[in-house]
Amino acid sequence: MRPDQPATDGYADRMADTPPGSPLPSTPPAPAAPPAGEAPRMPLRRLGWRRFLVLAGVVLFIAACAVFMVFTLGQSLGAQALLVGVVAAILPVPVLVACFLWLDRYEPEPLKYLIFCFAWGAFVSTAASLTVNEFAAGRFADWGLPAALTGVLVAPFIEELTKALGPILLLVFRRREWSGITDGLVYCGLSAVGFAMVENILYLGGYGYAAGADRYGPATGTQQVIAIFIVRILLFGFAHPLFTSMTGVGLGVAARTADRRVRVLAPVAGLLLAMMLHGTWNLLPTLTQATGEAIIMLYGFLGLMVPVFFGMVGLAVWLRAWEGRLTERTLPDYVRAGWLTPPEVAALSSLGRRHAARSWARRVAGDAGVRAMRGYQFSATRLALLRDGTLRGLDRKPADQERSAREERELLEAIGAYRSFFVGRDPQAPVGVWDGSRYHLRFPDGTQRPVDAPDEPVVPIPVVLAPAPPAPPVGYAPPGWPGVRSAAPWTPGQH
């Protein structure tokens, strides 16, 4: 049996309308049956001696800053107050970190980069900010100016700059790890959470426990810790992540644009906005204390910080959904080329569908199927981001273009290996093959016939891909792609 004719209005064209981009690799050969109980893995990058030296240098630098902060805080607060401050300041950290990890579920960032950003904010940024703020406070005192000016004129600039510097280094040296604004929010948010944790140790342990215990005893110190915890963490704990998220938006925009001017101006604009918002926030209690009008703080909180906070939360949620829909916009290119099938693309478009796909993979292929489905979903999302970057023209240098082509081939090969664990294994579904334009199904009565794809893809069950036509000599499709893939021959009995 053969398909009647190539489709002129391909199903993938109805799924998304994507502009012409770089040519795609030729369609894949049929994958071999996977070994029982083993799931494929993406190839690991070798750790050369240069990367090892850089990694060791970064770890030692952050560790040195951590030792400096522990020594400084311990000398200033005392061992008991430092311990109380550490315990109280760590309590909200898991909740805040979990919020950012939830935001990053479609394409989780490497754990090492998340730890780097958190540690950078907790130790490097706090060490630099503490040093600069103390120096500025001393100069203001020498000039007869109030110390409160440090929090308004100095702290916002040095703190926001140092918190953002870690994510900026990632953007400069690991730009390919950035998928957009969502990653900017995650990296900068974790840096801010780390900074706020260490800063809270100073407030909870020093201004809270140590100040109260020295004057009235441990009970009063504990009461002050609770009061500061409620005000500073429960009510205003979002402040530092909110400020630095402005820089994250700018860095995310810069990561996904080919315009060099935007790559420079967007981070600068985001950083300046973060500094101004931080400075305004520090100005509110200063004005309240100077005038005795508590209404200033209330109006500033309700009129400025709350709307900005909910606006940023709404933007983050929208961006999270946009990242999920990115697969629907770019992966139909690979459906037309014969690498993927419509149900697979549809199963990637939301977290609910991804969970359903993993549940189905567990039913038909066990634990190995679940691991393969997770790897498939991650690789497919990376592939969509890579294709989107190609369409945006992010790779200008020939070396970057070659690297993208190589990474694309590796992702496609990994996807083919992952899907071999679960495709065609569901006994409750008819055996089907996708040829790039329609299905060819074998029904329980033994008949085989082509079936047009429905308007909405059936999820989450993938089907077998038709065999690939002979590849071009260079291994890539001809210029001018994408176009509808010619219908491949259908052999009766082929699964």
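Residues numbered from 1 in each chain as written. Predicted model: local features only at pLDDT ≥ 70, side-chain atom pairs only at ≥ 80, totals over all residues. Heavy atoms only, no water.

Chemist: Can you break down the packing of helix α2 (residues 49–77) against helix α5 (residues 111–142) residue by residue, with the values?
Modeler: Between α2 and α5, the least distance of the axes is 9 Å, while the angle of their chain directions is 45°. With respect to α5, the element α2 is oriented oblique. α5 is crossed by α2, and the crossing has left-handed handedness. Residue-level inspection shows Arg51, Val58, Phe61, Ile62, Cys65, Ala66, Phe68, Met69 and Thr72 of α2 in contact with α5, the latter providing Lys112, Phe116, Ala119, Trp120, Phe123, Val124, Thr126, Ala127, Leu130 and Thr131. In terms of residue class, the contact of α2 with α5 is made up of 14 nonpolar, three polar and two charged. (Axes fitted to C-alpha atoms, helices over the stretch in contact; angles between N-to-C directions. Helix = DSSP H or I, 4+ residues; strand = E, 2+ residues; numbered from the N terminus. Parallel < 35°, antiparallel > 145°, perpendicular 65-115°, else oblique. Left-handed = near helix turned anticlockwise from the far one by under 90°. Contact = heavy atoms within 4.5 Å. Nonpolar A, V, L, I, M, F, W, Y, C, P; charged D, E, K, R; others polar.)

Chemist: An account of the nonpolar core is requested, with residue identities and associated values reported.
Modeler: Formed by 59 residues in total, the largest nonpolar core has its most connected members in Leu204 and Met305. Apart from the residues lying within four places of it in its own chain, the contact partners of methionine 305 are Phe238, Leu242, Phe243, Leu277, Trp281 and Gly300. Grouped together as the second largest cluster of nonpolar side chains are 34 residues, Leu340, Tyr376, Phe421 and Tyr439 included. (Core = buried A, V, L, I, M, F, W, Y, C linked by side-chain atoms within 4.5 Å. Buried < 20%, exposed > 50% of the residue type's maximum accessible area, 1.4 Å probe, protein only.)

Chemist: For the packing of aromatic side chains, give the residues involved together with the corresponding values.
Modeler: Per the stated rule, a full pass over the model turns up eleven aromatic pairs. Measuring from centroid to centroid gives 5.1 Å for tyrosine 203 and tyrosine 207, while their planes differ by 70°, and the two rings are edge-to-face. Of the two residues, tyrosine 203 and tyrosine 207 both sit in helix α7 (residues 181–216), four residues apart, roughly one turn of that helix. What makes tyrosine 203 partly exposed here is its relative accessible area of 29%. For the ring pair tryptophan 281 and phenylalanine 301, a centre distance of 6.4 Å and an interplane angle of 50° mean the geometry is tilted. One end of the pair, tryptophan 281, is in helix α10 (residues 260–291); the other, phenylalanine 301, is in helix α11 (residues 295–330), and 20 residues separate them in sequence. Phenylalanine 301 shares its class with tryptophan 281; the two are buried. Pairwise contacts between aromatic rings join Phe236, Phe238, Trp281, Phe301, Phe309 and Phe310 into one cluster. Sitting above the plane of the tyrosine 203 ring, arginine 232 keeps its charged end 3.8 Å from the centroid. (Phe/Tyr/Trp six-rings, centres within 6.5 Å; stacked < 30°, edge-to-face > 60°. Lys NZ or Arg CZ within 6 Å of the ring centre and 35° of its normal.)

Chemist: Which residues make up a nonpolar patch on the surface, and what are the values?
Modeler: Together, Val264, Leu265, Val268, Leu272, Leu273 and Met276 make up an exposed nonpolar region whose accessible area comes to about 580 Å². Inspection of the secondary structure puts leucine 273 in helix α10. Residue classification places leucine 273 among the partly exposed residues on the basis of a relative accessible area of 42%. (Patch = residues over 30% accessible without salt bridge, like charges linked within 9 Å, V, L, I, M, F, W, Y side chains within 5 Å. Areas by Shrake-Rupley, 256 points an atom, 1.4 Å probe, with all protein chains shown as cover. Salt bridge = Lys/Arg side-chain N within 4 Å of Asp/Glu carboxyl O.)

Chemist: Can you break down the confidence of the model for the protein chain residue by residue, with the values?
Modeler: When pLDDT is averaged along the protein chain, the result is 80, and 80% of the positions lie at 70 or above. Every residue in residues 29–33 is under pLDDT 50, and counting partners more than four places away or in other chains gives three contacts. (pLDDT = per-residue confidence, 0-100.)

Chemist: Requested: an account of empty space enclosed by the protein, with residues and values cited.
Modeler: All chains considered together, the criterion is met by three cavities of 30 Å³ or more. In terms of lining, the largest cavity is formed by 14 residues, of which the most central are Arg176, Trp178, Arg256, Leu385 and Leu386. Put simply, the parts of the chain that give the lining of the largest cavity at least two residues each are α14 (351–392) and α15 (398–419). Element by element, the count of residues in the lining of the largest cavity is highest for α14, at five residues. (1 Å grid on protein atoms, 1.4 Å probe; cavity = no way out; pocket = protein on both sides within 12 Å on 5 of 7 lines; lining within 4 Å. Points joined across faces, edges and corners; volume = space filled by probe spheres on them.)

Chemist: Any chance you could break down the pattern of salt bridges for me, citing the residues and the numbers?
Modeler: Overall, the coordinates contain eleven salt bridges when judged by the stated rule. Here aspartate 142 and arginine 139 are joined by a salt bridge, their closest N and O atoms 2.8 Å apart. Taken together, the residues span about one helical turn, with aspartate 142 and arginine 139 both in helix α5 at a distance of three residues. Residue aspartate 142 is classed as exposed on the basis of its relative accessible area, which comes to 56%. For arginine 139, a relative accessible area of 30% translates into the label partly exposed. Of the charged contacts in the structure, one is a salt bridge between arginine 382 and glutamate 407, with a shortest N-O distance of 3.5 Å. Of this pair, arginine 382 sits in helix α14 while glutamate 407 is found in helix α15, placing the two residues 25 residues apart along the sequence. Classification of glutamate 407 by relative accessible area gives buried; the value is 18%.

Chemist: Just give me the short version of the packing of α14 against α15, but keep the residues and values in it.
Modeler: Where α14 contacts α15, the two axes come as close as 9 Å, and the packing angle between them is 155°. Considering the angle they form, α14 stands roughly antiparallel to α15. α15 is crossed by α14, and the crossing has left-handed handedness. Residues Ala372, Gly375, Tyr376, Ser379, Ala380, Arg382, Leu383 and Leu386 of α14 form the contact with α15, whose own contacting residues are Ser404, Glu407, Glu408, Leu411, Leu412, Ala414, Ile415 and Tyr418. Taken together, the residues of the contact of α14 with α15 sort by class into ten nonpolar, three polar and three charged.

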